Every structure is written in structure tokens, then in C-alpha cells.
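Below, each chain spelled out in residue letters.
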Amino acid sequence: QVSIMSVAQLAAIVPPPAYPVGVTSPLEWSEVERRIGLKFPSDFRDFISTYGTGTFGVDSLEVFNPLDESYARHVELALSLKDVPEVPIRHPEWG
């Protein structure tokens, strides 16, 4: 069974940075959502507002912040490539 944790519960376990990166960006959620063409869930918005852009742990779970201008550029690039066919990658051991 999957248990869902709120951002407040997570913050009690993993303290957020004093100054989250990218949170004070001039880009607003509505502008980012309009550019990307989707609406982000409220808990994701809360997470970004609390933690900003960054990584978690030694293995580095990277969290991108849509309010960070560099993220918007990455999304625009990804959207421009969405119709490019994928090239299958063949692993030598998988045949």
C-alpha cells in the first residue's frame, strides 16, 4: 500500500533550504503552465515553493523547478523535439 506524504510532513523529516533556488523567479505558475500546456498539481507547486530547484540524497534525485528560467528553456527544447522519432538503443547483452 502506498502512503502519501504532504509537503509539510516531508519538510519535518527533510528540512528545506533556507533560500530555495528559483522560487523568487519572475516567471509565474500561470505563465509557465501556459507555455508548457499543462497545469501542475497543487502539491507539486507546494513542493517547489518549499524546496526550489535541487537534488535529494547521495544518488541525486534531481527536482526541476518550472519557475526557474533554465527549466523553461529545457522544456521548450524537449517540446521542439517531441515529434522527432526515437532512435532505439541496443544494449550488447540484450541483443
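**Student:** A description of the nonpolar core should follow, citing residues and the corresponding values.
**Tutor:** Counting 12 residues, the largest nonpolar core consists of Val7, Trp29, Val32, Ile36, Phe40, Phe47, Ile48, Tyr51, Val63, Leu67, Tyr71 and Val75. If you list the elements that add at least two residues to this core, you get helix H2 (29–36), helix H3 (42–51) and helix H4 (69–80).

**Student:** How would you sum up H2? Please name residues and give values.
**Tutor:** Along H2, the positions that sit buried rather than exposed are Trp29, Val32, Glu33 and Ile36. Projected down its long axis, H2 shows its buried positions confined to an angular sector of 95°, all on one face. Opposite the buried face of H2, at more than 90 degrees from it, the exposed residues are Ser30 and Arg34. Looking at the residues trailing H2, positive phi occurs at Gly37, about 90°.

**Student:** Please set out the environment of Asn65 residue by residue, giving values where relevant.
**Tutor:** Along the polypeptide, Asn65 turns up in the loop between strand E2 (61–63) and H4. Exposure remark for Asn65: the relative accessible area of 1% places this residue in the buried category. Taking the C-alpha atoms as reference, Asn65 lies 9.6 Å from Phe44; in sequence the two are 21 residues apart. Beyond its immediate sequence surroundings of up to four residues, Asn65 is in contact with Val21, Gly22, Val23, Ile48, Gly52, Thr53 and Tyr71. A polar atom in the side chain of Asn65 sits 3.3 Å from the backbone oxygen of Val21. Polar contacts involving the side chain of Asn65 include one to the side chain of Thr53, which spans 3.5 Å.

**Student:** Could you give me a rundown of the pattern of salt bridges, with the residues and numbers involved?
**Tutor:** For the structure on display, the rule yields 3 salt bridges. Of the charged contacts in the structure, one is a salt bridge between Glu31 and Arg34, with a shortest N-O distance of 2.7 Å. Taken together, the positions of Glu31 and Arg34, both in helix H2 and 3 residues apart, correspond to about one turn of that helix. Salt bridges linked by common partners bring Glu33, Lys39 and Arg45 together as one network.

**Student:** Which residues make up the confidence of the model for the protein, and what are the values?
**Tutor:** A residue-level look at the protein finds 82% of positions with pLDDT of 70 or above and a mean pLDDT of 78. Helix H1 (residues 7–13) holds the highest mean pLDDT among the elements of the protein, 92, whereas H4 holds the lowest, 74.

**Student:** How would you summarise the packing of aromatic side chains if you had to cite specific residues and measurements?
**Tutor:** Scanning the model with the defined rule gives 4 aromatic pairs in all. Look at Trp29 and Phe40: their rings are 5.5 Å apart centre to centre, the planes differ by 65°, and that puts the pair in the edge-to-face class. In this pair, Trp29 sits in helix H2 while Phe40 sits in the loop between H2 and H3, placing the two residues 11 residues apart along the sequence. Of the residues examined, Trp29 reaches a relative accessible area of 13% and is grouped as buried. On the basis of relative accessibility, which here comes to 11%, the residue Phe40 falls in the buried class. With a centroid separation of 5.3 Å and 25° between ring planes, the pair formed by Phe40 and Phe44 is classed as stacked. Taken together through their ring pairs, the aromatic side chains of Trp29, Phe40 and Phe44 make up a single cluster.

The rules we used
- Residues numbered from 1 in each chain as written.
- Predicted model: local features only at pLDDT ≥ 70, side-chain atom pairs only at ≥ 80, totals over all residues.
- Heavy atoms only, no water.
- Core = buried A, V, L, I, M, F, W, Y, C linked by side-chain atoms within 4.5 Å.
- Buried < 20%, exposed > 50% of the residue type's maximum accessible area, 1.4 Å probe, protein only.
- Helix = DSSP H or I, 4+ residues; strand = E, 2+ residues; numbered from the N terminus.
- Arc of directions from axis to C-beta.
- Contact = heavy atoms within 4.5 Å.
- Polar contact = N/O pair within 3.5 Å; in protein donor to acceptor, adjacent residues only side chain to side chain.
- Salt bridge = Lys/Arg side-chain N within 4 Å of Asp/Glu carboxyl O.
- pLDDT = per-residue confidence, 0-100.
- Phe/Tyr/Trp six-rings, centres within 6.5 Å; stacked < 30°, edge-to-face > 60°.

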